[in-house]
Amino acid sequence: MPTFTALTTLPGQDAAEALAEALESSSPEPTGVGVFEIEDGSGLWEVGAYYVEPPDRAVLLLLSTAFGANPFQVSELPEIDWVAKVRRDLAPVEAGRFWLYGSHDADKVPPGVIPLQIEATVAFGTGHHGTTLGCLRAVDRLAAAGMAARNVADIGSGTGVLAMAAARLWPDAAVIASDIDEVAVEVALANAAINDLADRVPCVEAAGFDHPDLAARAPYDLIFANILKGPLIELAPAMAAHAAPGGVLILSGLLTTQAEDVTAAYVAAGFAPTAREDIGDWSTLVLTRA
């Protein structure tokens, strides 16, 4: 069965969400509608709809005009075995001592690595993206330099890969993961079980630190947050409140053009920048609480 997409961009979150709501009640009814901020500093948001029959282009034109959006671009997606394609495209990833792989590459794990099996699903964090890769490299360097984390939080954990990496690096550490998305929490728990870490890496549904389990475990001597610029800046005071003196943050999910703004917010919250790595257009920051 073919799938059709209709995509547009427009300025402002409120307008984008209003357009998405209008799309949901339009005819033919889309099977799904998404709203995403374009993280390039432009202030634009993308609105996309998916259909199992060709959308009405006249309706889309009226909606884009009414909400001040660019004209919708309509495309028909080819019929592809997406599971087979993902398995072909997601080759194993080497990040420092970590070796991330899917179940289809389980027979290829080389000796002398820290293996983590990550199944590509709807949650973010397979190690292929520069943000996850940067975080894994950063924590590997910290461990190699002698850091022995005892209490770790992974905020916005996606697949749970960073929390699991910490659990593997430091077998005696207490580790907890969280994500704002219920599906991501389920994925993280499943990945922890696949890697025999179910008893080491609990995952809770929470925005930031807004969960009693996260509060009860504070203060943390290592916190990951691989999310986006806006939430990272908003979380700076909460990071300071939940990090131990001398605690380390590993932050990513931000473009290289956004790194200075995020760093400034954390310096104002009492952190000192200690390292930065840029991979392509993406930055990973390491900061230490005074």
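Everything discussed here concerns the structure shown above.
First, a word on what this report is: a plain description of the structure on this page. Treat the numbers as computed from the prediction; the structure is a model and nothing was measured. (Residues numbered from 1 in each chain as written. Predicted model: local features only at pLDDT ≥ 70, side-chain atom pairs only at ≥ 80, totals over all residues. Heavy atoms only, no water.)

**Some words on the pattern of salt bridges**
Counted according to the given criterion, the structure contains six salt bridges. The partner of R141 in a salt bridge is E277, with the nearest N and O atoms 3.2 Å apart. With R141 in helix 4 (residues 130-144) and E277 in strand 13 (residues 271-279), this residue pair connects regions lying 136 residues apart in the sequence. Judged by relative accessible area, R141 falls into the partly exposed class, the value being 43%. For D261, the salt bridge is made with K229, and the minimal N-O distance between the two is 3.2 Å. With D261 in helix 9 (residues 259-268) and K229 in helix 8 (residues 229-242), the pair connects residues that are 32 residues apart, well separated along the chain. The exposure class of D261 is partly exposed, given its relative accessible area of 42%. (Salt bridge = Lys/Arg side-chain N within 4 Å of Asp/Glu carboxyl O. Helix = DSSP H or I, 4+ residues; strand = E, 2+ residues; numbered from the N terminus. Buried < 20%, exposed > 50% of the residue type's maximum accessible area, 1.4 Å probe, protein only.)

**With respect to unusual backbone geometry**
For the peptide bond that leads from S27 to P28, omega is 0°, which places it in the cis range. On the secondary structure map, P28 appears in the loop between helix 1 (13-24) and strand 2 (32-37). With an omega dihedral of 5°, the bond running from A218 to P219 counts as a cis peptide bond. Counting through the fold element by element, P219 comes out in the loop between helix 7 (212-217) and strand 11 (220-226). Its identity is not glycine, yet D196 carries a phi of approximately 55°, on the positive side. Along the chain, D196 turns up in the loop between helix 6 (182-194) and strand 10 (203-205).

**Here we look at the sheet that holds strand 2**
With antiparallel pairing, four strands are arranged side by side in an open sheet as 2-3-1-4. At either margin of the open sheet sits one strand with a lone partner, and together these are strand 2 and strand 4 (73-77). Strand-to-strand twist in this sheet, taken as the mean axis angle between neighbours without regard to direction, amounts to 20°. Docked against the sheet, helix 1 engages strand 1 (3-11), strand 2 and strand 3 (44-51), running at close to 10° with respect to strand 3. (Pairing = 2+ DSSP bridges. Axes fitted to C-alpha atoms, helices over the stretch in contact; angles between N-to-C directions. Contact = heavy atoms within 4.5 Å.)

**Section: the packing of helix 8 against helix 9**
Put simply, helix 8 and helix 9 touch, their axes get as near as 9 Å, and they point 10° apart. Of the possible angle classes, the one that applies to helix 8 and helix 9 is roughly parallel. Where helix 8 crosses over helix 9, the handedness of that crossing is right-handed. Facing K229, L232, I233, L235, A236 and M239 of helix 8, the residues of helix 9 in contact are D261, V262, A265 and Y266. When the residues that make up the contact of helix 8 with helix 9 are grouped by side-chain class, the tally is eight nonpolar, no polar and two charged. (Parallel < 35°, antiparallel > 145°, perpendicular 65-115°, else oblique. Left-handed = near helix turned anticlockwise from the far one by under 90°. Nonpolar A, V, L, I, M, F, W, Y, C, P; charged D, E, K, R; others polar.)

**Comments concerning the nonpolar core**
Taken as a class, soluble globular proteins show a tendency for nonpolar side chains to be buried jointly. In this structure, F98, W170, V201, L222 and I250 are the most contacted members of the largest nonpolar core, which totals 41 residues. Sort the elements by how many residues they give to this core and helix 5 (residues 161-169) lands first, with eight residues. Apart from the residues lying within four places of it in its own chain, the contact partners of W170 are V139, A143, M147, A148, A149, R200 and L222. The next biggest cluster of nonpolar side chains, apart from the first, holds 26 residues, and it includes A153, I176, L214 and F271. (Core = buried A, V, L, I, M, F, W, Y, C linked by side-chain atoms within 4.5 Å.)

**Focus on helix 2 (residues 57-66)**
For helix 2, every residue scored as buried is listed here: L60, L63 and S64. For helix 2, the angular spread of the buried residues around the axis is 95°, confining them to a single face. Exposed and facing more than 90 degrees away from the buried side of helix 2 are L62, T65 and A66. One side-chain oxygen at the N-terminal end of helix 2 lies 2.9 Å from the backbone nitrogen of A58; it belongs to D56. Just past helix 2, the residue G68 takes up positive phi, approximately 70°. (Arc of directions from axis to C-beta. Polar contact = N/O pair within 3.5 Å; in protein donor to acceptor, adjacent residues only side chain to side chain.)

**Structural notes on the pairing of strand 3**
If a strand is regular, its side chains alternate between the two faces of the sheet. In this sheet, strand 3 lies alongside strand 1 in antiparallel orientation, the contact comprising eight bridges. Bridge pairing in strand 3 places L7 opposite G48. Relative to strand 3, strand 2 runs antiparallel, the two sharing six bridges. Among the inter-strand pairings, V33 is bridged to a residue of strand 3, identified as A49.

**Notes on a negative patch on the surface**
Side chains of D181, E182, E186 and E205 sit close together on the surface and give a patch of like negative charge. Inspection of the secondary structure puts E182 in helix 6. (Patch = residues over 30% accessible without salt bridge, like charges linked within 9 Å, V, L, I, M, F, W, Y side chains within 5 Å. Areas by Shrake-Rupley, 256 points an atom, 1.4 Å probe, with all protein chains shown as cover. Lys, Arg positive; Asp, Glu negative; His and termini not counted. Charge placed at Lys NZ, Arg CZ, Asp CG, Glu CD.)

**What to know about the side chain of H242**
Assignment of secondary structure puts H242 in helix 8. At a separation of 2.8 Å, a polar atom in the side chain of H242 contacts the main-chain carbonyl oxygen of A238. The contact partners of H242, leaving out residues within four places of it in the chain, are F209, A218, P219, Y220 and I223.

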